[in-house]
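Reading the structure
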Number of protein chains: 4
Amino acid sequence: RKCPSVISIEQAIDEAMRYARTFLPEGKVATYIPELAHGDPDQLGVCLITKDGTVYHDGDWRQEFTIQSISKTICLIFALQTAGYEKVFSKVGVEPTGDAFNSIVKLETKTLHPLNPMINAGAIATASCCMELEDPFGSFMDLTRRLCGRESIQLNESVYLSEKKSGMRNRSMAYLMQSDNILECDAELALDLYFRMCSVSVTTEDLARYAVVLANDGVDPATGERLVENWIVRIVKTLMVTCGMYDGSGEFAMKVGIPAKSGVGGGIMASVEDRMGIAAFGPALDAKGNSVGAYRVLEYLSQTLRLHYFAGKDL
Amino acid sequence: RKCPSVISIEQAIDEAMRYARTFLPEGKVATYIPELAHGDPDQLGVCLITKDGTVYHDGDWRQEFTIQSISKTICLIFALQTAGYEKVFSKVGVEPTGDAFNSIVKLETKTLHPLNPMINAGAIATASCCMELEDPFGSFMDLTRRLCGRESIQLNESVYLSEKKSGMRNRSMAYLMQSDNILECDAELALDLYFRMCSVSVTTEDLARYAVVLANDGVDPATGERLVENWIVRIVKTLMVTCGMYDGSGEFAMKVGIPAKSGVGGGIMASVEDRMGIAAFGPALDAKGNSVGAYRVLEYLSQTLRLHYFAGKDL
Amino acid sequence: RKCPSVISIEQAIDEAMRYARTFLPEGKVATYIPELAHGDPDQLGVCLITKDGTVYHDGDWRQEFTIQSISKTICLIFALQTAGYEKVFSKVGVEPTGDAFNSIVKLETKTLHPLNPMINAGAIATASCCMELEDPFGSFMDLTRRLCGRESIQLNESVYLSEKKSGMRNRSMAYLMQSDNILECDAELALDLYFRMCSVSVTTEDLARYAVVLANDGVDPATGERLVENWIVRIVKTLMVTCGMYDGSGEFAMKVGIPAKSGVGGGIMASVEDRMGIAAFGPALDAKGNSVGAYRVLEYLSQTLRLHYFAGKDL
Amino acid sequence: RKCPSVISIEQAIDEAMRYARTFLPEGKVATYIPELAHGDPDQLGVCLITKDGTVYHDGDWRQEFTIQSISKTICLIFALQTAGYEKVFSKVGVEPTGDAFNSIVKLETKTLHPLNPMINAGAIATASCCMELEDPFGSFMDLTRRLCGRESIQLNESVYLSEKKSGMRNRSMAYLMQSDNILECDAELALDLYFRMCSVSVTTEDLARYAVVLANDGVDPATGERLVENWIVRIVKTLMVTCGMYDGSGEFAMKVGIPAKSGVGGGIMASVEDRMGIAAFGPALDAKGNSVGAYRVLEYLSQTLRLHYFAGKDL
């Protein structure tokens, strides 16, 4: 809680990586999707891109990994652009849950509709809103490539097949929602799109570019081109604050205080309002499914660079 | 979602009040505490104080009402100052719940500890941390008067007695926590302090003064005196974002986007980072326990004055 | 609660039918399986077979209907005979749930294993234990025909296809169990067997014959041939007492007091220990899924013929 | 599951005690009520009284212990006699819960009313129906003494005070029910009666006498005097079957098959229809709160003496 004197971004990143590495042994690589189990728990990488275009990076920042739940933010942008506000929020709410990302309970006890688009059930329902497009996944990939500024982004086919084959719990949620008439299409169709979205292969640089677009209100700071509507950016960042880190979102908001979204592939993407985009990556996860190393990198950067949205001004 | 051109605060307040009044018939005065049932559902008031000290107000801004759950934010400040971070957060978590403010379920199914200090169970547990003081409620009142800048703030004795007599559901929560060794004192002691805290009588001006202190990072902008430590302000405002509006917190964050806390007495207090404090009041409540009129006043002000923390800059 | 003087079975049935008909307007035909919606809510039938072989019947006793959940008792016999006690009860418990027949909640909050074989999830898990047979459904049909004493019992193909196509909630449960490694086979395989079992077409006479076999400790009273092992009969009848009537089992036990099993096809089958088997049928269901008319027929017969297992002896 | 040849009751009891003693090390004495922690985990006793008045006993059959939850059956008789069927069952249901005896969850999620009178919440609600009597506990003691056939039965004052002082979870339930207008009196009044009822001191002989009255349809077999109305006996025994052994009721029904009720004081009371009453006692409890030793004594007696209600007749 002490506030260090002024420090350069390079130095902050350097210290953050050293700090974060000490926590890696506390984490474990995800095993519930067989393909993810191949991750190297010692990897750690970070990329930070400021609004003026300066790129900082360290460690395994060029390692490709699957985007997993971070795709839920792009899926939401995609669905709001494609199907509109009314349709999407007739399927899914905007409230945090207090339950784990793959919990089914609230679908039965609280409300038939998933509580928000950042949990699995909510993302599946959100994905189901985009089925009237001719090639939903193709259009999703176009959007993803634009947001990340890299044309060569691809699906990781073996992770996709692995998720599709083993994702029984997601399948269970999807059928429960189909049973309650919440999906806009058959469960298997929505699941297939969802599994594909989760299996897109990215690097920290890709995600940092996407994050700085969100930080800059949806406009690519390099070109000045608007990629996402202002009202959509606001919704997405707000949901990242309240629900972006699974059932650890409240603690992350308190300790780090940056709109962020994590994925079980080991990535976390974070948008510092009007300043920068950050992405960190490390396959070792904590019990809630957040990357231990990436979390600590962001925690350290937030404290030393005063990135918390309520950091205040005085030292 | 349209962004109006520049507008004065006076005009924005004037329009907000007219807009909000049209929603009053949708609400109902709280009846579960007998004394609250006397509220006038047609009342509506607002007070806004900027960091430079200008005060704006309209409607029933001088009406006294009981602070109710807004006291949970002061209770948390009080407990963090008195008992410290470690003690308080060993009793209560920081996660949103997705359940109603008076829900008991998660105490049994998810974790013995209440999920956050903004729900009733969490506030009772937080209050129990302050019992080693000689006069806990006296010290709480001192803090409240300093934060609100009014020495004459008093307890509403009849509301206090009414709550104490009728608050069986809160009593149930307190005994369940005592059974699980979560309280630092006997249930009835913690409840008595909790009921007193909820029954403090305030006006929108009191709460707007308190809100601008939080907006100014804990420093009274008039005197330059620090009233609350920086790290505590950060925690409180973060919890206001994620949990401040009961199980409507997610929707409020999306639509209004100001750290805020509401109470069933009809008040909502909101802190616009580095800019202003706002408090609105109207006894007619929606189904989640938030004041219908105060909510709409804040929604309108947020849109016209661009107060959302992710408002962005472009028009 | 008055105890009438001695009355003949014919007269009791006659009165029971008249009594039960007055309740039919309270019920509604099941609609969640499209094919079931064709049922005629005014139908009512009963068949009663005593241990000495006398057959009594009235109303629509010859009407064919699908066995639905009554098949859960045969499925349990089948699995215990095929896979054994240890295997079956490693998959499913023996406790009542207090929840509705198609509830998913307890699979997540209480225990991964379904609480008993009389709810949908439990029956699907039970069915999955029989997959090592060459033709599981063929063997199940053989058993069903022997227990009911009719070689010509058939599958209702259109109900089976309708259930298979529309049974999304059952599908959700099955995938959740597969995710938790509770099923002995793929979800779709277990579901297919389950849907077939539920879609067998029977009459009240078929079920009354089956019921008298259970009442006679597993031995066909006509031939003296043992069809079900003694220890299996005991388990099945015990579960019929505690869980046979969905979440209305407790009330049925109190008011009627005969081991029984109901199905949403409109049938209820009941075994009066050492005395008789009874089956009643009426497609109009109450809110818990039990046939309104069949329930009332059994209630009336229990009172007038003193069939409650704790009826006592004195008048 | 083998059926031994004919065996005398003496021999069966002798073998049952030896069999049961081998399980005692698996249990633990209850500690959540401080006074109960003094129990001796090595104690084991049994008393069996046949309808013709023969008394069998072994071990610590004369040891006094507190009746605890077994009093819930007498409380129900008492309330049905005092306040009537309609009143009692407007407060409490008759369905098994599948949850632990002290669970609160269903009071919030399923129904405001406790699911049955055999769980703590249900017994407190049942007790609250008897408050119009001048001396409710005095009248309850009169009934208890008559049912057990011993005038000298007394309250264990120190257990009562210990429960009253430490029973925070029961207090929590009572206030939740008062909040929902389910109690007929103030929570503390209902709790006081409930704690007293649980603290009555009995022996296995007392409970066996009570059990044989129930087995004999409410009539004292020695005197021919009716002590409990027929319809009340039927309700009580039915609830003993479905809910008498906490969330182990289903397993007990399957394996033992005698209407029974257990208490955390270490006693279990069981009524074999039209034949005998049995009570066993041992302070070492299993995880569900049932006496390990008493459970095993009853299991052994049920098998060797063929006491299961669905024992059948053939060997």
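Every value quoted in this text rests on a predicted model; they were computed, and no experiment measured them.

This part is about the sheet that holds strand E8 (residues 267-272) of chain C. Residue and element names in this part refer to chain C. Taken in spatial order, the five strands line up as E3-E2-E9-E8-E7 in an open sheet, and their pairing is antiparallel. A single partner strand is all that each edge strand has here, and the edge strands are strand E3 (55-59) and strand E7 (260-262). Each neighbouring strand pair of the sheet contributes to a mean axis angle of 10 degrees, computed without reference to strand direction. Across six bridges, E8 lies against strand E9 (residues 276-281) in antiparallel orientation. When the bridges of E9 are listed, serine 271 appears paired with glycine 277.

A separate point is the domain arrangement of chain A. Residues and elements named next belong to chain A. Once the domains are mapped, chain A shows domain 1 (9-65 + 203-305) and domain 2 (69-198). Put simply, the middle of domain 1 and the middle of domain 2, counted by C-alpha atoms, are 21 Å apart. Of the residues lining the interface, 32 residues belong to domain 1; the matching set on domain 2 comes to 31 residues. Both faces combined, the contact of domain 1 with domain 2 buries some 2,700 Å², and carbon together with sulfur accounts for 73% of it. Taken as a group, Asp206, Tyr210 and Leu239 account for 21% of the area that domain 1 buries against domain 2, more than any other trio of residues on that side. Joining domain 1 to domain 2, the criterion identifies two salt bridges. The salt bridge involving arginine 150 is made with aspartate 206; its shortest N-O contact spans 2.7 Å. Viewed at the interface, domain 2 and domain 1 are joined by seven residue pairs in polar contact (both at pLDDT 80 or more). Elements with a contribution of two residues or more to the side of domain 1 that touches domain 2: helix H10 (204-215), helix H11 (230-243), strand E7 (260-262) and strand E8 (267-272). Considering each element in turn, the side of domain 1 that touches domain 2 owes the most residues, eight residues, to H11. When grouped by side-chain class, the residues that make up the side of domain 1 that touches domain 2 number 19 nonpolar, five polar and eight charged.

The interface of chain B with chain A comprises 42 residues on the first partner and 41 residues on the second. Between chain B and chain A, a total of about 3,500 Å² is buried, with carbon and sulfur atoms accounting for 56% of that surface. If you look at where chain B meets chain A, you find zero salt bridges. Taken together, the links from chain B to chain A amount to eight residue pairs in polar contact (both at pLDDT 80 or more). Sorting the residues of the side of chain B that touches chain A by element identifies helix H3 (85-91), helix H11 (230-243) and helix H12 (249-255) of chain B as the ones contributing at least two each. The biggest single contributor to the side of chain B that touches chain A is H11(B), with eight residues. Its residues assigned to classes, the side of chain B that touches chain A comprises 15 nonpolar, 10 polar and 17 charged.

This brings us to the relation of the copies chain B and chain A. For the pair chain B and chain A, the superposition axis carries a translation of 0.0 Å, the fit reaches an RMSD of 0.0 Å, and the rotation angle comes to 180 degrees. Accordingly, the operation relating the two chain copies is best matched by a two-fold axis.

Right, let's get into the pairing of strand E3 (residues 55-59) of chain D. Residue and element names in this part refer to chain D. As defined by bridge partners, strand E2 (residues 45-50) adjoins E3 across five bridges and the pair is classed as antiparallel. Paired with valine 46 across the bridge in E3 is aspartate 58. Following E2, the chain reverses through four residues before pairing antiparallel with E3; glycine 53 in that reversal takes a positive phi of roughly 100 degrees.

What follows deals with the relation of the copies chain D and chain C. Note on the copies: chain D fits chain C at an RMSD of 0.0 Å, the axial shift is 0.0 Å, and the rotation between them is 180 degrees. A share of 100% of the interface residues of chain D reappears at the interface of chain C, consistent with the copies meeting face to face through the same patch.

With that settled, the discussion passes to the state of the cysteines. Residues and elements named next belong to chain D. What the rule picks out here adds up to zero disulfides over all chains. Considering cysteine sulfurs only, cysteine 130 is the nearest to cysteine 75, which forms no disulfide, with 5.7 Å between them. Using a relative accessible area of 2% as the deciding quantity, one classes cysteine 75 as buried.

Criteria and cut-off values
- Along each chain, numbering runs from 1 in the same order as the chain's sequence is written.
- Naming scheme: in the order in which they are written, chains are lettered from A and ligands are numbered from 1.
- Whole-chain, interface and lining totals are the exception, using all residues; otherwise, since this is a predicted model, local features are given only for residues with pLDDT of at least 70 and side-chain atom pairs are given and counted only at 80 or more.
- Only hydrogens and water are set aside; all other atoms, that is, all heavy atoms of the structure, feed into the side-chain values.
- For two strands to be treated as a pair, DSSP must find at least two bridges joining them.
- Numbered from the N terminus, helices here are DSSP runs of H or I no shorter than four residues, and strands are runs of E no shorter than two.
- Throughout, an axis means a line fitted to C-alpha atoms (over the contacting stretch in the case of helices), and angles, computed between N-to-C directions, take values from 0 to 180 degrees.
- Bear in mind that the domain bounds are from an automatic or database domain assignment.
- In this description, contact between two residues means that some pair of their heavy atoms is separated by no more than 4.5 Å.
- Simply put, the buried area is the total loss of 1.4 Å probe accessible area from both parts when two parts are fitted together.
- For this document, the term salt bridge refers to a Lys or Arg side-chain nitrogen within 4 Å of an Asp or Glu carboxyl oxygen.
- Polar contact is defined as a pair of N or O atoms within 3.5 Å, subject to the rule that within protein one atom must be able to donate a hydrogen and the other to accept it, and that residues adjacent in sequence are counted only when both atoms are side-chain atoms.
- Classification convention: Asp, Glu, Lys, Arg as charged; Ala, Val, Leu, Ile, Met, Phe, Trp, Tyr, Cys, Pro as nonpolar; all other residues, Gly among them, as polar.
- Superposition of the copies was done by least squares, using only C-alpha atoms of residues whose pLDDT is at least 70 in both.
- Disulfides are defined as pairs of cysteine sulfur atoms found within 2.5 Å of each other.
- Categorising residues by exposure relies on relative accessible area from a 1.4 Å probe, with only protein chains included: less than 20% of the type maximum marks a residue as buried, more than 50% marks it as exposed, and the intermediate range marks it as partly exposed.

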